[in-house]
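Report on the structure
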Amino acid sequence: MGSMLTDAPPRKGHVANFLESDQIKTLDLPQDGSLLTITKSIESAMKAGTTADVRRACAEFLDAASEFYKVSACGIRVLAARPLRVRENWSTELFGDYTPETMVIRVWMKTAVMKEITSFGTFLSTLCHEFCHHLDYQKFGFHDSWHTRGFYERAAALYHHARGTPPKKLVWVPTSGERWRIDWPRTNRSA
Ligand SMILES: [Zn+2]
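Bear in mind the structure is a predicted one, so any value in this text is a computation, not a measurement. (Residues numbered from 1 in each chain as written. Predicted model: local features only at pLDDT ≥ 70, side-chain atom pairs only at ≥ 80, totals over all residues. Heavy atoms only, no water.)

Glancing now at helix α2 (residues 34–48). For α2, built from 15 residues, the straight-helix expectation of 21 Å at 1.5 Å per residue is met to within 8% by its first-to-last C-alpha distance of 22 Å. Of all the residues in α2, the buried ones are Leu35, Ile38, Thr39, Ile42, Ala45 and Met46. One side of α2 carries all its buried residues, which in axial view fall inside an arc of 120°. Projecting away from the buried face of α2 at angles above 90 degrees are the exposed residues Thr37, Lys40, Lys47 and Ala48. For α2, the elements touching its buried residues are α3 (51–69), α4 (120–138) and α5 (149–163). (Helix = DSSP H or I, 4+ residues; strand = E, 2+ residues; numbered from the N terminus. Expected span 1.5 Å × (residues − 1). Buried < 20%, exposed > 50% of the residue type's maximum accessible area, 1.4 Å probe, protein only. Arc of directions from axis to C-beta. Contact = heavy atoms within 4.5 Å.)

As structure tokens, then:
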């Protein structure tokens, strides 16, 4: 899951949005197993299919999720490798990104440095993470989509639901610059 570090609160602007994002720690989840079924088709497409198969399965996942959350559908591009230019301020997005202006998610199947195939778990986690950016703008109406504790909690809830794995209680510790990071040893013990 990589390092999960929150963004610092904005100095000015939409501070109230930031606090709200930080505090919303749950996400409604579909009660049927529809996302789980689609997730399995993403997994098999990654194993045996083409990039187009993976893209199709991801699009199906995002369409179903968008319908459930009653938000506009978002676009999806599945790339073989990470593009050279990634938005500077979101340089922590190692496996995907989201552009609010176009509502397009991009995910890539190989890491930039090692050129290794992204694992299914990381890939799905990235897809859920980027979709939660979409929800921040389209469902919650935030003016920006920060990586708050609440954001990571929502993304984790969606990921565990979609994968059919039990959610973990995320244990946060404060770090410099009014930011928080996850204490993974304690988080993993809580599972
Ligand atoms: Zn992000």
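What follows deals with the pairing of strand β4 (residues 172–175). Relative to strand β5 (residues 179–182), β4 runs antiparallel, the two sharing 4 bridges. Across the sheet, residue Val173 finds its bridge partner in β5, namely Arg181. Where β4 hands over to β5, the hairpin turn is made up of 3 residues, of which Gly177 adopts a positive phi near 70°. (Pairing = 2+ DSSP bridges.)

Taking burial as the measure, the 5 residues of strand β3 (residues 104–108) include 4 buried ones, the bulk of the element. In this structure, strand β2 (residues 96–99) lies alongside β3, joined through 4 bridges in antiparallel fashion. Looking at the pairing, Asp97 lines up with Arg106 of β3. Counted between consecutive antiparallel strands, the loop separating β2 from β3 contains 4 residues, among which Met103 sits at a positive phi close to 55°.

Functional significance is not addressed by these values, which are geometric in nature.
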